[in-house]
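Read off the chains here:
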Amino acid sequence: MFQKLDDVVLKHEELTRLLMDPEVISDPKKIMEYNKALNSIDEVVKKYTYYKSRKEEMESLKEDLKAEKDPEMKEMMLEEIHTIEEEIPGLEEELKILLLPKDPNDDKNVIMEIRAGAGGDEAALFAADVFRMFTRYAERNRWKTEIIDKSEIGVGGLKEVTFLIKGNGAYSRLKFESGVHRVQRVPATEASGRIHTSTITVAVLPEIEDVNEVEINQSDLKIDTYRSSGAGGQHVNTTDSAVRITHLPTGLVVTSQDGRSQIKNREAAMKVLASKLYEMEYEKQRKEVESERRSQVGSGDRSEKIRTYNFPQGRVTDHRIKLTLHRLEGVLDGDLDEMIDALIAYDQAELLKAVGDNE
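The structure reproduced in this document is the subject of the present report. None of the values given here were measured: they were computed from a predicted structure.

Moving on, we come to the sheet that holds strand β4 (residues 179–185). Read across the open sheet, the eight strands follow the order β2-β3-β1-β5-β4-β9-β10-β11; overall the sheet is mixed. Either end of the sheet is taken by a strand with one partner, and the two such strands are β2 (144–153) and β11 (323–325). The average undirected angle you get between the axes of adjacent strands in this sheet is 15°. Note: β4 against strand β9 (residues 305–310), five bridges, orientation parallel. Bridged to Val183 within β9 is Tyr309. Running over the sheet, helix α5 (residues 120–140) touches β1 (110–116), β2, β3 (157–166), β4, β5 (196–206) and β9 and is turned about 15° from β3.

Put into structure tokens, the structure is as follows:
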């Protein structure tokens with residue numbers, strides 16, 4: 001571990017030196033690239049520098065202790081040594097986590113898809129609740145949301161919705177939300193008070209900002225335009241501005257109708273398609289590389305039931321990490337950090353275990 005940390009420090013020094021090089025200063029692309037690389041290791045270097053300073057402080061105190069005659073001073077020095085000794089293991093654990101391989105998509109924006117599953121109108125109403133939950137979470141983080149495509153039902157529910165969340169590290173926080181979310185509650189229309197169970201599926205994709213990053217053959221695309229359903233009133237679209245793109249080799253279909261022009265909708269649909277194709281390829285590679293790792297968290301198989309929202313008991317349970325929170329209202333209002341932090345911590349522990357097994 002310490003060899004790796006020393007290598008990171010050398011890399012940090014090299015990048016700092018390069019950023020002062022006149023050739024680099026005159027090249028905006030290189031400045032951006034080197035700054036990004038420097039920022040990605042900055043936290044590791046700061047933490048390691050602090051760790052080394054505490055270790056040196058402890059060694060120095062131990063040396064001074066040998067020559068110290070004053071009992072009061074000796075006691076103070078022993079107390080400080082004990083404090084540092086207790087701090088060191090925690091710092092080493094933090095450094096191990098900081099050295100774990102980073103998901104290359106962690107800094108990306110997120111494209112999310114929510115679809116009503118089993119449960120009819122009740123599933124569509126819950127899809128609307130979960131859509132609000134994620135938009136509220138985005139607001140709490142000062143991230144922006146943009147709707148790409150939305151299909152509503154008359155009772156205020158959502159058949160499906162595709163939307164973009166723009167924010168630093170959005171994917172790193174939301175990537176474990178993929179899967180089946182289940183709700184247990186008494187529908188407003190249920191006279192006998194029976195609890196119904198409904199499901200929705202959530203998909204989380206890293207946004208591919210430049211569609212050229214993904215190889216898409218234009219001859220593989222079938223592009224249709226149609227009239228957007230609009231929001232009613234003055235917003236009803238009188239032109240065929242909505243876009244549906246079918247990727248023939250995979251059968252993937254993406255639609256966009258929330259933009260006001262066909263060009264905007266086509267751009268949005270292409271971005272969703274690129275993100276889906278990227279995710280398919282990335283998942284294939286990840287499964288090959290990580291075939292030995294069997295994390296319960298994973299990145300979310302869409303057929304896997306990951307979470308239950310139980311209204312009668314006011315609780316939310318994540319089945320992958322066996323965590324139950326008894327504050328359903330807060331969670332549905334976007335207070336998701338406790339759940340997300342627990343999922344990230346679990347995934348890091350699984351990664352550390354896998355690294356330990358391979359050493």
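Let us look at helix α1 (residues 2–18). If you check α1, its first and last C-alpha atoms are 24 Å apart, about what 17 residues at 1.5 Å a residue would give, namely 24 Å. If you check which residues of α1 are buried, you get Leu5, Val8, Val9, His12, Leu15 and Leu18. The inward-facing, buried residues of α1 contact α2 (22–25), α3 (28–67) and α4 (71–98).

This part covers the pairing of strand β8 (residues 252–256). Only one face of β8 is buried: it carries Leu252, Val254 and Ser256, and the other face, with Val253 and Thr255, is open. Of the strand pairs in this sheet, strand β7 (residues 242–247) and β8 are connected by five bridges, and their pairing is antiparallel. Within β8, the position partnered with Val243 by the bridge is Ser256. The hairpin formed by β7 and β8 contains four residues between the paired strands, and Gly251 there has a positive phi angle of roughly 80°.

Reading the values: rules and limits
Residues numbered from 1 in each chain as written. Predicted model: local features only at pLDDT ≥ 70, side-chain atom pairs only at ≥ 80, totals over all residues. Heavy atoms only, no water. Pairing = 2+ DSSP bridges. Helix = DSSP H or I, 4+ residues; strand = E, 2+ residues; numbered from the N terminus. Axes fitted to C-alpha atoms, helices over the stretch in contact; angles between N-to-C directions. Contact = heavy atoms within 4.5 Å. Expected span 1.5 Å × (residues − 1). Buried < 20%, exposed > 50% of the residue type's maximum accessible area, 1.4 Å probe, protein only.

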